[in-house]
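Spelled out, the chains give:
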Amino acid sequence: VVGNAMRSLDCRIFSVHATLAQLVCIGALRGLKDTRTILWATVAANALNCVLDCLFIFGFGWGVAGAATSSAISTTLSCGLLLSALVRRGVLRPGDLVPPPSLEEGAPVLGAGIALSSKSVVTMYTVGLASQAIASLGAVSLAAHEIIKQLFFFCYIAVEPLSVAGQSLVAESLGRRQVSRARGIAIRLVQLAVGLGATMGLLIYFLGPRIVHVFTKDAEAVRIALTVLGVVCFFQPLDALMLAQEGVLLGAREHAYISRSVIATSLTCFCALYLVTRTLGLPYTLLHVWLCVKILTMGRILFSSARLYASRHSPILVAAEAEAKEEINL
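So, how was this worked out
Residues numbered from 1 in each chain as written. Predicted model: local features only at pLDDT ≥ 70, side-chain atom pairs only at ≥ 80, totals over all residues. Heavy atoms only, no water. Axes fitted to C-alpha atoms, helices over the stretch in contact; angles between N-to-C directions. Helix = DSSP H or I, 4+ residues; strand = E, 2+ residues; numbered from the N terminus. Parallel < 35°, antiparallel > 145°, perpendicular 65-115°, else oblique. Nonpolar A, V, L, I, M, F, W, Y, C, P; charged D, E, K, R; others polar. Salt bridge = Lys/Arg side-chain N within 4 Å of Asp/Glu carboxyl O. Buried < 20%, exposed > 50% of the residue type's maximum accessible area, 1.4 Å probe, protein only. Expected span 1.5 Å × (residues − 1).

(A) View of the packing of helix 6 (residues 139-175) against helix 7 (residues 179-215). Where helix 6 meets helix 7, the axes come as close as 9 Å, and the angle between the chain directions of the two elements is 170°. By the angle between their directions, the pair helix 6 and helix 7 is classed as roughly antiparallel. Of the residues assigned to the contact of helix 6 with helix 7, the class counts are 22 nonpolar, four polar and two charged.

Below, the structure is given as structure tokens:
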């Protein structure tokens, strides 16, 4: 396993710069409300990845190294397509890439980046502890977890575009001091997200047992996966609500608040996991681990709701609208 991991890392390391540049380009195009270019670049990169996977893995017999190489090449292609799109729009000039930005120019971006990166690091550490706890349950529970995780990420990806759209629309409205319009967008975004989440939850509830059998025929793995399926279905509207509200806050540049709230929630989840799996040493199952992980969802909903609907610092409430009107009058 370690040997394969190192070979994969050796091949993927050459695309690190392209990966980072790709993320920046995606953020820029989202800010310009151009998601179509991102779609076509992603489709082209994934199509190339599939072709190269077949060639390198089955044709040349490179195995893990072939898969990593094809991913590195497709990522570089995607980055090139997105960069060329920004250049064609006149948003980016190649000469601007040479001189590094001054500290004053980069400080706002660095501040937001550090806040969001801290959030991601703490969250990933918590998820890592959950994965470690699941791995200790054995191969069957780990297989069941992977099936449930794929269903969860499918639903997550289905709802995330609403959050991305909300970020751009809310940011544009607040930039124009149109707080009432931003509030209307936020309310509609929450309605759509919860509705879509509930629909996805019902689909998983009724079709989930059949989908699980597509992944595996092992009776024990299927049984364990079905014990967790209800949790995934129940939390789908709540996960969607979390994404929608955090999308509104990101559009309002509330990066620091989101980072603090996610870190606090992740630490709570970490303590619950550690208490159940390590300190108390109680017998636990995959269901217990998933319930602990869902503390992340509940905590993030609590913090984002408090900021949006109950705080005097809310970017969409009446106080913010009055402040915006006062600034316009000045």
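Don't stop here, the text continues.
(B) Quick peek at the pattern of salt bridges. For the coordinates displayed, the defined rule picks out eight salt bridges. We note a salt bridge from Lys149 to Glu146, for which the minimum N-O separation is 3.3 Å. Note that Lys149 and Glu146 are positioned in helix 6 at a spacing of three residues, about one turn of the helix. On the accessibility criterion, Glu146 (32% relative accessible area) is partly exposed. Across the pair Glu246 and Arg300 runs a salt bridge whose closest N-O atoms are separated by 2.7 Å. A residue pair is termed long-range when its members are at least 10 positions apart, and Glu246 in helix 8 (residues 219-251) and Arg300 in helix 11 (residues 295-310) qualify at 54 residues. One connected set of salt bridges, linked through shared partners, spans Lys33, Glu172 and Arg176.

(C) View of helix 4 (residues 64-88). Between its first and last C-alpha atoms helix 4 spans 36 Å; for 25 residues at 1.5 Å apiece the expected length is 36 Å, and the two agree. Just beyond helix 4, the residue with positive phi is Gly90, at close to 80°.

(D) Highlighting unusual backbone geometry. In the Ramachandran plot, Lys33 falls in the positive-phi region, its phi being about 60° despite a non-glycine side chain. Structurally, Lys33 can be placed in the loop between helix 2 (16-31) and helix 3 (35-59). Even without being a glycine, Arg253 presents a positive backbone phi close to 65°. Within the secondary structure, Arg253 sits in the loop between helix 8 and helix 9 (255-279). Judged by relative accessible area, which is 66%, Arg253 ranks as exposed.

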